[in-house]
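Descriptive analysis of the structure
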Amino acid sequence: MSLFHPDLLKNSITEITYDDLQRLGVRGLLLDVDNTLTTHGSQVLTSAISEWLENMKRMDIALTIVSNATSKRVEPFARRVGLKFISFACKPLPIGFIRAAKRLGIPRRECAAVGDQTFTDIIGARLAGVRSIQLLPILPERQPLLRFKRRFERYIIAGYRRKQERNAKPR
Ligand SMILES: [Mg+2]
């Protein structure tokens, strides 16, 4: 199997099911934060992801956070979701995943890294000997989305103006 390929690819974290994990023989998840549990740099936790986390805990899936971001960024979010964390993990170096699996007390082959980036999460998982589940990023990038939103707004406003003009014309 390629160093670059995950064991499983999903659109988003909430699409990972207990059956998927059973099939992989996984009972511990090492979770990325940015573009995996929330958007880049955000502290927002959606109810869908919060529910998914609670479901996994209920089914005895052990969860922990492994992020390359600073503890300043990761700690408040980890506290919000009630998980232990490793920040500044230096993925794709395997050390963060190795420490996290040890902390969970689960053999590495029964853990899976969950993340959006091939060159950190997936390669790092392979090097650490843990399984990997890749997600499409929640947002590809922030600026293009903003541009899209502005363009969408302009489109809506232009439509509004056309309607106003039509209504203003004498019949
Ligand atoms: Mg990420």
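Use the structure listed above.
This write-up is about the structure you can find in this document. (Residues numbered from 1 in each chain as written. Predicted model: local features only at pLDDT ≥ 70, side-chain atom pairs only at ≥ 80, totals over all residues. Heavy atoms only, no water.)

Looking at the metal site, the magnesium ion is ligated by Asp32 (OD), Asp34 (O) and Asp116 (OD), spaced 2.0 to 2.2 Å from it. Residue classification places Asp32 among the buried positions, given a relative accessible area of 7%. Its relative accessible area of 13% is what places Asp34 among the buried residues. (Donors = N, O, S within 2.8 Å, 3.2 Å for Na, K, Ca; no water. Buried < 20%, exposed > 50% of the residue type's maximum accessible area, 1.4 Å probe, protein only.)

Another aspect to go through is the environment of Ser132. Mapped onto the elements of the fold, Ser132 is located in strand β6 (residues 131-135). Exposure remark for Ser132: the relative accessible area of 1% places this residue in the buried category. Sequence separation of Ser132 and Ile122 is 10 residues, and the distance between their C-alpha atoms is 6.0 Å. Those residues in contact with Ser132, other than ones at most four positions away along the chain, are His5, Pro6, Asp7, Leu8, Ala112, Ala113, Ile122, Ala125 and Arg126. (Helix = DSSP H or I, 4+ residues; strand = E, 2+ residues; numbered from the N terminus. Contact = heavy atoms within 4.5 Å.)

Next up on the list: the environment of Arg131. Secondary-structure assignment places Arg131 in strand β6. Residue class for Arg131 comes out partly exposed when judged on its relative accessible area of 27%. Residues Arg131 and Arg109, 22 residues apart in the sequence, show an inter-C-alpha distance of 6.4 Å. Every residue in contact with Arg131, bar those within four places of it in the chain, is listed here: Asp7, Leu24, Val26, Arg108, Arg109, Cys111, Ala112, Ala113 and Ala125.

Look at helix α2 (residues 47-58): 16 Å from first C-alpha to last across 12 residues, which is about the 16 Å you get at 1.5 Å a residue. Listed in full, the buried residues belonging to α2 are Ile49, Trp52, Leu53 and Met56. Down the axis of α2, the buried side of the element spans an arc of 100°, and every buried residue falls inside it. Across from the buried face of α2, at angles greater than 90 degrees, the exposed residues are Ser47, Glu51 and Arg58. (Expected span 1.5 Å × (residues − 1). Arc of directions from axis to C-beta.)

In terms of residue burial, strand β3 (residues 62-66) counts as a mostly covered element, since four of its five residues are buried. As judged from the four bridges shared by strand β2 (residues 28-31) and β3, these two strands associate in the parallel manner. Residue pairing across strands places Leu31 opposite Ile65, the latter belonging to β3. The parallel pair β2 and β3 is bridged by α2, and the resulting crossover is right-handed. Of the pairings in the sheet, the one linking β3 to strand β4 (residues 85-86) comprises two bridges and is parallel in character. (Pairing = 2+ DSSP bridges. Right-handed = clockwise from strand over helix to strand, strands pointing away.)

Okay, the sheet that holds β2 next. Consider a sheet: its strands pair through backbone hydrogen bonds, and that pairing is either parallel or antiparallel. Across the sheet, six strands lie side by side as β1-β6-β5-β2-β3-β4; this open sheet has parallel pairing. The sheet is open, and its two edges are formed by β1 (8-10) and β4, each paired on a single side. Relative to β6, helix α5 (residues 118-128) is tilted by about 165°, and along the sheet it contacts β5 (111-115) and β6. (Axes fitted to C-alpha atoms, helices over the stretch in contact; angles between N-to-C directions.)

Applying the stated criterion across every chain, the model contains one aromatic pair. Note on Phe4 and Phe119: the rings are 6.0 Å apart at their centroids and 70° apart in plane angle, and the pair reads as edge-to-face. Taken together, the positions of Phe4 in the segment before β1 and Phe119 in helix α5 put the pair 115 residues apart, joining distant regions of the chain. (Phe/Tyr/Trp six-rings, centres within 6.5 Å; stacked < 30°, edge-to-face > 60°.)

Okay, the pairing of β2 next. Alternating positions in β2 separate into two faces, Gly28 and Leu30 on one and Leu29 and Leu31 on the other, with burial throughout. Here β2 pairs with β5 via four bridges, running parallel. What sits directly across from Leu31, in β5, is Val114.

Functional significance is not addressed by these values, which are geometric in nature.
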